[in-house]
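Observations on chain architecture
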Amino acid sequence: MEIGEKLRDLRNRNGLTQEELADRSELSKGFISQLERDLTSPSISTLQDLLQCLGSSLSEFFREDSDDQIVFSKEDYFEKRDTELNNLIQWIIPNAQKNDMEPILLTLEAGGSTWPDNPHEGEEFGYILSGSVTIYIGTNTYTAKKGESFYFKPEKTHYLRSARGAKLLWVTTPPSF
């Protein structure tokens, strides 16, 4: 992408006309127009001034957009069936362990459970898509059913169990699965 196109995109995202940007940066509207059409190049100092008026910086402006995948389909999921615990875990964001959080789709068959997880730093959140689960945290138990959610700081040993089966979205931070 050329500098002019990036400047025009940034100006438009800020809801400014060329004239408004020219007034804020003490440049002429004609000069802004020439910059946006890549007919002239700004000095570093002028570019810094323009970017400041647009709420940006040189490092942000020249940072390359990443090609990170944003949308994931079922074909992207990684699945693990645990016959001993009678559950299916689907990591719905591939390689999520490198991120700050890890969402999984957890299916507990009737009588299914998760393994006991030791106390750790972070947070855990779940949303029950179907069925109900019992949440064991230390010596306390809690029940959540379809349409309900749970949240806790995993400072004690914890796990989930479902007597009749359940499906839930479970998000942990930092990743621990």
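Our structure is the block above this text.
It should be emphasised that the depicted structure is a prediction, and the values quoted were computed from it without experimental measurement.

Packed helix pairs are characterised by how far apart their axes lie and by the angle those axes make with each other. At a minimum axis distance of 8 Å, the contact between helix 2 (residues 18-25) and helix 3 (residues 29-36) shows a crossing angle of 115 degrees. Comparing their axes, helix 3 and helix 2 come out roughly perpendicular. As helix 2 runs across helix 3, the sense of the crossing is right-handed. On helix 3, the residues touching Gln18, Glu19, Leu21, Ala22 and Ser25 of helix 2 are Lys29, Ile32, Ser33 and Glu36. Split into classes, the residues belonging to the contact of helix 2 with helix 3 amount to 3 nonpolar, 3 polar and 3 charged.

Looking now at the environment of Leu39. Relative to the helices and strands, Leu39 resides in the loop between helix 3 and helix 4 (44-53). Each C-alpha atom of the pair Leu39 and Ala22 lies 16 Å from the other, and the pair is 17 residues apart in sequence.

The next point concerns the nonpolar core. Note on soluble globular proteins: their nonpolar side chains tend to be buried together. Among the nonpolar cores identified, the biggest contains 16 residues, and Leu106, Val133, Ile135, Phe150, Leu160, Leu168 and Trp170 are the most heavily contacted of them. Element by element, the count of residues in this core is highest for strand 4 (residues 123-137), at 4 residues. Leaving out residues up to four positions away in the same chain, Leu106 has contacts with Asn87, Leu88, Ile89, Thr114, Leu160, Ala166, Lys167, Leu168 and Trp170. In this structure, Leu21, Ile32, Leu47 and Leu54 belong to the second largest nonpolar core, which totals 12 residues.

Bringing a negative patch on the surface into the picture now. On the surface, Glu2, Glu5, Asp9 and Asp38 cluster together into a patch of negative charge. Within the element layout of this structure, Glu2 appears in the segment before helix 1 (3-13).

The next point concerns a nonpolar patch on the surface. Judged by side-chain polarity, Phe125, Tyr127, Leu129 and Tyr151 come together as a nonpolar surface patch covering roughly 360 Å² of accessible area. What makes Leu129 partly exposed here is its relative accessible area of 37%.

Let us now look at unusual backbone geometry. Thr173 connects to Pro174 through a cis peptide bond whose omega is -10 degrees. Of note, Pro174 is situated in the segment after strand 8 (166-173). A positive phi angle, close to 60 degrees, is found at Glu26, a residue other than glycine. If you trace the backbone, Glu26 turns up in the loop between helix 2 and helix 3.

Rules behind the numbers
Residues numbered from 1 in each chain as written. Predicted model: local features only at pLDDT ≥ 70, side-chain atom pairs only at ≥ 80, totals over all residues. Heavy atoms only, no water. Axes fitted to C-alpha atoms, helices over the stretch in contact; angles between N-to-C directions. Helix = DSSP H or I, 4+ residues; strand = E, 2+ residues; numbered from the N terminus. Parallel < 35°, antiparallel > 145°, perpendicular 65-115°, else oblique. Left-handed = near helix turned anticlockwise from the far one by under 90°. Contact = heavy atoms within 4.5 Å. Nonpolar A, V, L, I, M, F, W, Y, C, P; charged D, E, K, R; others polar. Core = buried A, V, L, I, M, F, W, Y, C linked by side-chain atoms within 4.5 Å. Buried < 20%, exposed > 50% of the residue type's maximum accessible area, 1.4 Å probe, protein only. Patch = residues over 30% accessible without salt bridge, like charges linked within 9 Å, V, L, I, M, F, W, Y side chains within 5 Å. Areas by Shrake-Rupley, 256 points an atom, 1.4 Å probe, with all protein chains shown as cover. Salt bridge = Lys/Arg side-chain N within 4 Å of Asp/Glu carboxyl O. Lys, Arg positive; Asp, Glu negative; His and termini not counted. Charge placed at Lys NZ, Arg CZ, Asp CG, Glu CD.

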